[in-house]
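Examination of the molecular architecture
Letter by letter, the chains look like this.
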Amino acid sequence: MSNSTASSHQPQRRWLIPAIIAIIFFAGNLASELFGNLIGEIPPSYQWAVWAIIGIALLTTIIAAISEARRADDSSSSTVGNNSEARHGMTISGDIVARDKIVYALQTPAVSALHQLPTPPADFTGRDAELNELMAKLETGGATISGLQGMGGVGKTTLALKLAALLTPRYPDAQLFLDLKGASDKPLSPAEAMAHVIRACHPTAKLPESETELKPLYQSMLHSQRALLLMDNAREAKQVEPLLPPATCCLLVTSRQHFTLPGLYAKDLNTLPPKDAGQLLLTIAPRIGAAAEAIAKLCGYLPQALRLAASALAEQIDLSPADYLRRLENAQTRLGLVEASLNLSYDLLEAETQKW
Ligand SMILES: Nc1ncnc2c1ncn2[C@@H]1O[C@H](COP(=O)(O)OP(=O)(O)OP(=O)(O)O)[C@@H](O)[C@H]1O
Ligand SMILES: [Mg+2]
């Protein structure tokens, strides 16, 4: 999936003008050295004709050299127009397509984005059993597809990022991350998702819009590559099925929905065990101390609720863990378990922190 830049396609002809001047001087001198005496013997009325012939010969040589240089430029740039991708307005370059004996060229230098995975949180806690189970399933080889499914905030994306970080050495060619926006009212279409993947390697490529035309490009780009694709927030099987990569790649999918796909190993993710939940609270806000167990329980052991509660307590240093616990218990008599902890934490957090 190496990506060559196109700067070499731009011919450099800065040498041409000084070269022509040098040729004129050199050839002029040489001509007067060689023929000066001879011409002197020619009757003066014919001398101008000999000089004219020498001048025309020199001029013709220079014009021939310039037009030859131009022809070389044209043939190097016309390779773009001679392939089918160019007819689609696509200008891409790469060794994958070279294998298919297609010549590609870039019009502008571009930076490829082959390593897109966000880093998992430094305070990642627990999930050893799940990681072992998923890694063991991925050992089986072939097209490796794993799905993490479960409710919002349970830690699907975070676990998928951790898993992807462990898998990266096995998939060194590319690690791509894509939010399929399945929980929103505008989920990505398979065509949009394919375009994202292709652009990772060819950022300036003008791509066709239809799924039918994009599919062979998507498959060609991933062909024989050891690439890891993390597709986050899938909506349904229909959205993901056209994106199944060749067998050399690994696909990790997360979704709030439960669905199956050919070759998919689906793992239903649950909340954290109480011990790990308490540990996460203490890692984020050590001052929670002995209240960790009770707060974790009131957060329903849901990682998102745990993180918000611990962040609120880490920020609000005037609020004691015991007070927080009391407020949480009061709120939960009015609202549901997790909803109360989320609401209270959000209220306590600074506006800046609420963004996540
Ligand atoms: N194992 C973990 N260790 C530490 N933090 C975690 C862990 N799992 C989840 N979190 C934290 O919990 C929050 C929610 O996690 P995440 O975004 O992964 O949930 P999700 O299941 O993907 O939710 P959604 O369905 O909304 O996408 C994040 O702030 C994340 O950092
Ligand atoms: Mg998520």
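Below is a short write-up of the structure. (Residues numbered from 1 in each chain as written. Chains lettered and ligands numbered in written order. Predicted model: local features only at pLDDT ≥ 70, side-chain atom pairs only at ≥ 80, totals over all residues. Heavy atoms only, no water.)

Observations concerning unusual backbone geometry
Of note, K181 is a non-glycine position whose phi angle comes to about 55°, a positive value. Among the structural elements, K181 can be located in the loop between β2 (174-179) and α7 (190-201). One non-glycine residue, Y301, adopts positive backbone phi at about 60°. Along the chain, Y301 falls in the loop between α11 (292-298) and α12 (303-315). (Helix = DSSP H or I, 4+ residues; strand = E, 2+ residues; numbered from the N terminus.)

Comments concerning the site of ligand 1
Among the 19 residues in the neighbourhood of ligand 1, the closest are listed as G153, K156, T157, T158 and R256. Between ligand 1 and T125, the relevant distance is 2.9 Å, taken from a nitrogen atom to a main-chain nitrogen or oxygen of the residue. Here ligand 1 loses 86% of its free accessible area of 630 Å² to cover by the protein chains. Here ligand 1 is seated within the largest pocket. (Near = heavy atom within 4 Å. Polar contact = N/O pair within 3.5 Å; in protein donor to acceptor, adjacent residues only side chain to side chain. Areas by Shrake-Rupley, 256 points an atom, 1.4 Å probe, with all protein chains shown as cover. 1 Å grid on protein atoms, 1.4 Å probe; cavity = no way out; pocket = protein on both sides within 12 Å on 5 of 7 lines; lining within 4 Å. Sits in = over half its atoms within 2 Å of the grid points.)

Brief notes about the nonpolar core
Nonpolar side chains in soluble globular proteins tend to end up buried together. In terms of nonpolar packing, the biggest core is built from 47 residues, with L167, L252, L281, I288 and I295 touching the most fellow members. Counting contributing residues, this core receives three or more from each of domain 2 (128-268) and domain 3 (274-355). When sequence neighbours within four positions are dropped, the list of residues in contact with I288 reads L281, L282, I295, A310, L313 and P321. Grouped together as the second largest cluster of nonpolar side chains are 36 residues, L188, V197, V240 and L244 included. (Core = buried A, V, L, I, M, F, W, Y, C linked by side-chain atoms within 4.5 Å. Buried < 20%, exposed > 50% of the residue type's maximum accessible area, 1.4 Å probe, protein only. Domains from an automatic or database assignment. Contact = heavy atoms within 4.5 Å.)

Quick notes on the pairing of strand β3 (residues 227-234)
For β3, the tally of buried residues reaches 7 of 8 residues, placing the bulk of the element in the interior. By the bridge criterion, 6 bridges tie β2 to β3 in an arrangement that is parallel. Within β3, the residue paired with F177 across the bridge is L230. Taken together, the 5 bridges between β3 and strand β4 (residues 250-255) define a ladder with parallel strand orientation. Considered in β4, the bridge of L230 is made with L252. (Pairing = 2+ DSSP bridges.)

No statement about biological role is implied by the geometric values presented.
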